[in-house]
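Spelled out, the chains give:
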Amino acid sequence: LMGQGERPPLPARDWSAAQSFKTLAASQEKFQLMVSAAAPQPEGARPNDQVDYTIAFSATQAASSVEITATVPPEVQAVLPKTLSGGGKHKDGVITWKLGGTQQATLTFSTRVRGAGVVPPTTLFVSSLVRAVAVISGESTEKTADASLPYLKPQFALSLSPSAETVAPGERLD
């Protein structure tokens, strides 16, 4: 019998099933793919900024072949070819790395945000989509990841300057 104000004991929870599912899901994941982007200022990327990307690939075991591609919208960004690490090759806004057999890799590249008159006016983000295909234990697996930064549109500025039509010869400008 329970006294007044006493509560019945809570039933014991069996967390082993949830933990088993979590372990199973993690063990079935053959590799991880992460990508990050950094601009000169934390709030985003402005026209003519350099944006630096880092790609991290990590597999549970050595892959017999790994191919990673990074796609950047060429109307927004220009790839800086001398910044490609790990033997990356660039063509038409797509960078490709053929890594052969590996278990992990860190790759980097940089882009230059195009000038304000070139970037389409509807652009909201500066981004890169990364795709990795890895063959592990004879099985091909694919993943995608992306990184994006807000595109900071230039502010409208108006400046006035005197012209020859408004100042007579010999008059002073104050």
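Everything numeric here is computed off the predicted structure, so don't read it as measured data. (Residues numbered from 1 in each chain as written. Predicted model: local features only at pLDDT ≥ 70, side-chain atom pairs only at ≥ 80, totals over all residues. Heavy atoms only, no water.)

> Looking at this model, I keep getting lost on the overall build of the chain. Mind explaining?
Helix and strand counts for the chain stand at 1 helix and 7 strands. Shown N-terminal to C-terminal, the secondary structure of the chain runs as helices and strands in the order α-β-β-β-β-β-β-β. Counting all 174 residues of the chain, 29% fall into the buried class. For the chain, the share of sequence-separated contacts (at least 6 apart) that also reach a separation of at least 24 residues comes to 71%. Carbon and sulfur atoms make up 55% of the accessible area of the chain, which amounts to about 11900 Å² in all. (Helix = DSSP H or I, 4+ residues; strand = E, 2+ residues; numbered from the N terminus. Buried < 20%, exposed > 50% of the residue type's maximum accessible area, 1.4 Å probe, protein only. Contact = heavy atoms within 4.5 Å. Areas by Shrake-Rupley, 256 points an atom, 1.4 Å probe, with all protein chains shown as cover.)

> Before we go on, may I ask you to explain the packing of aromatic side chains in this structure?
Any two aromatic rings considered together are summarised by their centre-to-centre distance and by the angle between their planes. Tallying each qualifying case throughout the model produces 3 aromatic pairs. Ring centres of Phe 31 and Phe 57 lie 5.1 Å apart, and the angle between their planes is 40 degrees; on these two criteria the pair is classed as tilted. Taken together, the residues span a long stretch of sequence, with Phe 31 in strand β1 (residues 31–38) and Phe 57 in strand β2 (residues 50–71) at a distance of 26 residues. Take Phe 31: its relative accessible area is 1%, and that puts it in the buried class. Where Tyr 53 meets Phe 109, the ring centres are 4.8 Å apart and the plane angle is 15 degrees; that geometry is what we call stacked. One end of the pair, Tyr 53, is in strand β2; the other, Phe 109, is in strand β5 (residues 94–113), and 56 residues separate them in sequence. The pair Tyr 53 / Phe 109 is uniform in exposure class, with both members buried. An aromatic cluster of three or more residues is present, and its members are Tyr 53, Trp 97 and Phe 109. The positively charged end of Lys 143 is found above the aromatic ring belonging to Phe 31, 5.5 Å away from the centroid. (Phe/Tyr/Trp six-rings, centres within 6.5 Å; stacked < 30°, edge-to-face > 60°. Lys NZ or Arg CZ within 6 Å of the ring centre and 35° of its normal.)

> Just to check I follow, could you spell out the side chain of Thr 102 for this structure?
Tracing the chain through its elements places Thr 102 in strand β5. Since its relative accessible area comes to 18%, Thr 102 is described here as buried. Within the structure, the side chain of Thr 102 is placed 3.0 Å from the backbone oxygen of Gln 104, a separation counted as a polar contact. Aside from chain neighbours lying at most four places away, what touches Thr 102 is Phe 57, Ala 62, Ala 63 and Val 66. (Polar contact = N/O pair within 3.5 Å; in protein donor to acceptor, adjacent residues only side chain to side chain.)

> Please clarify how the confidence of the model for the chain should be interpreted in this entry.
Detailed reading of the predicted coordinates is not advisable wherever pLDDT is low. A residue-level look at the chain finds 76% of positions with pLDDT of 70 or above and a mean pLDDT of 83. Counted against residues more than four places away or in other chains, residues 12–27, with its pLDDT under 50, gives 0 contacts. (pLDDT = per-residue confidence, 0-100.)

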